[in-house]
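Each chain, written out:
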Amino acid sequence: MRDPKWLKWVRIIGLGLLGLFTVTPIYVMITSSIKPLKDVQGDFHWIPTTITFSAFHDMWSTVPLAHYFVNSLIVSTIASVVSVVVAIFAAYAVSRFRFAGRRAFSITVLSTQMFPGILFLLPLFLIYVNLGSAIGVDLYASRTGLIITYLTFSLPFSIWMLVGYFDSIPVALDEAAKVDGSGPIGALIRVVIPAATPGIIAVLIYAFMSAWGEVLFASVMTDEASRTLAVGLQGYATQNNVYWNQIMAASLVVSIPVVAGFLLLQRYLVQGLTAGAVK
Amino acid sequence: MVVSATSRPGGGRGSGDPGRPPPPSGGRKGRIIPRLPVRLRRLGLPYLLILPALLLELLVHLIPMLIGIGMSFIKLTQLYIRNWSAAPSAGWSNYHLAVDFNAPVGRALLHSFLVTVAFTLITVALSWFFGMAGAVLMQGEFRGRGVLRALFLVPYALPVYAGVITWSFLLQRDSGLVNHVLVDQLHLFGDKPFWLIGQNSFASIVVVSLWRWWPFAFLVLMAGLQNIPRDLYEASAIDGAGWMRQLRSVTLPMLRPVNQVLVLVLFLWTFNDFNTPYVLFGKTAPQEADLISIHIYQSSFVTWNFGTGSAMSVLLLLFLLLVTAIYLLITSRRRSDA
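Residues numbered from 1 in each chain as written. Chains lettered and ligands numbered in written order. Predicted model: local features only at pLDDT ≥ 70, side-chain atom pairs only at ≥ 80, totals over all residues.

(A) The overall build of chain A, seen in detail. Scanning chain A for helices and strands turns up 13 helices and zero strands. With respect to the principal axes defined by its C-alpha atoms, chain A has extents near 70 × 70 × 35 Å. In chain A, buried positions account for 50% of the 279 residues. Counting only contacts in chain A whose residues sit at least 6 apart along the sequence, the fraction spanning at least 24 positions is 75%. (Helix = DSSP H or I, 4+ residues; strand = E, 2+ residues; numbered from the N terminus. Buried ≥ 20, exposed ≤ 12 C-beta atoms within 10 Å, placed from the backbone. Contact = placed C-beta atoms within 7 Å.)

(B) Highlighting the UniProt feature "transmembrane region" (unreviewed entry) in chain B. Per the UniProt annotation, the sites labelled "transmembrane region" (unreviewed entry) are residues 45-74, 113-138, 150-170, 202-225, 254-271 and 310-330 of chain B. End C-alpha to end C-alpha, residues 310-330 of chain B measures 30 Å, and it is 100% helix and 0% strand. (UniProt positions renumbered as here; feature names shortened; annotations may be inferred.)

(C) The interface of chain A and chain B, seen in detail. Between chain A and chain B, the residue contacts involve 84 residues of the former and 85 residues of the latter. Grouping the constituent residues of the side of chain A that touches chain B by class yields 58 nonpolar, 17 polar and nine charged. (Nonpolar A, V, L, I, M, F, W, Y, C, P; charged D, E, K, R; others polar.)

(D) Main features of unusual backbone geometry. A positive phi angle, close to 55°, is found at A141 of chain A, a residue other than glycine. By the element assignment, A141 of chain A lies in the loop between helix 6 (117-135) and helix 7 (143-167). Given 19 C-beta atoms within a 10 Å radius, A141 of chain A is considered partly exposed. For H187 of chain B, which is not glycine, the phi dihedral falls at a positive 55°. Along the chain, H187 of chain B falls in the loop between helix 7 (177-185) and helix 8 (201-226).

(E) Layout of the environment of V250 of chain B. On the secondary structure map, V250 of chain B appears in helix 10 (residues 243-254). Among all residues touching V250 of chain B, those that are not within four sequence positions of it are I228, L232, Y233 and S236 of chain B.

As structure tokens, this is what we get:
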């Protein structure tokens with residue numbers, strides 16, 4: 001495709017504006033985190049006049065940030081890993097077997113995507129309270145309950161994307177594994193999973209990100225002991241003073257793991273979308 | 001058991017079974033016993049594979065949804081929340097309350113619904129346009145392409161609360177960047193306007209949502225563009241098609257299936273989005289930006305009227321089902337016409 005001359009200017013201006021829109025809040029987040037408190041409470045300045053790292057020190061004691069961080073890490077890691085394993089099995093069944101109810105299962109799983117979270121928030125809350133006391137496991141206000149909730153949130157998208165990905169892997173590869181004496185599960189583990197690694201990584205990132213960022217259920221389903229970052233970060237604003245510099249520093253610190261992971265692995269996400277979902 | 005196993009010989013049909021060769025007659029002695037269980041296992045295997053996903057969906061999505069529908073028919077107020085099975089039946093009264101547009105509750109719901117529709121249409125249209133512009137302009141090789149692509153994706157990668165809380169700092173009246181630029185530097189307003197309360201809050205929530213969602217559209221469209229075969233562009237270039245013509249006749253038609261899914265997903269996510277308004281405004285949103293999910297949350301948890309809240313959620317779900325069905329019907333027909 002030969003590009004006309006004007007396109008170069010459209011490209012520079014268009015991408016420039018998009019870049020400015022994208023980067024401004026990130027710039028403010030970074031620069032405000034190194035300002036002293038009085039500078040973030042007064043008039044805004046583009047360039048910090050005084051640079052201090054005290055916010056990065058103080059933020060750990062204003063709210064129990066480390067505690068929330070550990071909670072978020074445990075919940076998101078377990079939820080995303082289990083979700084991906086469950087999704088792999090389900091997607092393999094949908095992709096490789098023709099069984100009665102296959103279509104119904106796919107449609108049901110996908111349609112849960114359109115449920116307003118608010119519709120099942122309270123019922124789920126009541127189920128957790130009652131089921132928890134019946135089986136003697138704390139589900140409400142515990143990390144276990146949050147893990148179970150989050151891992152189903154990412155399931156529909158994960159299954160959908162992995163089905164597309166598995167479909168793109170030739171069935172002949174499965175057959176070859178079976179000739180070598182593997183059963184269907186053996187073929188899944190030895191052939192399909194290795195061939196679908198980019199898609200699986202993409203789904204893993206997605207699941208981790210959605211658990212790390214969820215707010216609604218975290219705000220209702222947790223107590224002080226199981227509180228995650230999504231709710232904990234609001235603690236900086238409850239006192240009479242709003243510690244904007246600490247909020248920005250904390251936001252920066254809790255974002256770094258997911259953003260770094262996402263950027264490192266984003267090409268798998270694009271590959272995964274290209275191979276599967278976008279077809 | 002034997003009957004069920006033999007009556008469906010093609011149970012694991014399709015891509016699954018036929019690879020296994022029939023047992024040679026010489027190996028009969030060892031084969032005949034494991035054969036039935038293997039068959040049974042094959043038959044049950046797909047169900048076993050989907051079982052964990054199915055159980056989780058039942059527990060977290062489907063059963064709560066049914067209970068939620070049930071709750072919309074009872075008077076579930078503060079008095080009964082500890083012992084909610086004792087709450088008296090309400091018949092359709094929760095629904096009557098929700099759709100009685102002459103009474104305050106119904107009027108507020110209608111207002112919130114209309115605000116959400118406007119918000120969703122604007123946000124989805126702009127997100128798609130930004131994503132499309134970004135993806136198309138990123139085609140081809142130029143210096144800094146990889147860095148720019150990564151940068152564009154950062155808002156999507158950031159946890160919602162971190163990104164949105166930064167925006168709420170930007171939009172502060174006295175110490176925020178937005179007023180600094182608009183009032184102090186560009187002198188567009190005489191007095192510093194409020195952005196998080198009052199009339200401007202609608203514009204604020206649109207901009208913040210757009211900032212969060214357009215990178216997703218960008219990501220999906222970029223993946224979609226990679227799937228368009230190169231030779232289509234080459235062929236159209238030989239036919240003398242310019243850049244604009246190629247965009248109209250090659251790129252956009254080829255992206256139609258991607259767009260069909262992308263727009264629907266964006267619509268559903270934006271319509272149901274709770275996180276963005278909740279972090280931006282807190283538990284009570286300003287009138288002008290009273291999005292439906294926050295409105296229902298407030299009707300349920302702040303005023304402790306869960307029956308009415310559930311009825312509102314059910315109405316919302318029915319609306320979304322209807323819109324999705326109509327959308328899929330229209331877009332699928334257009335696709336098969338094309």
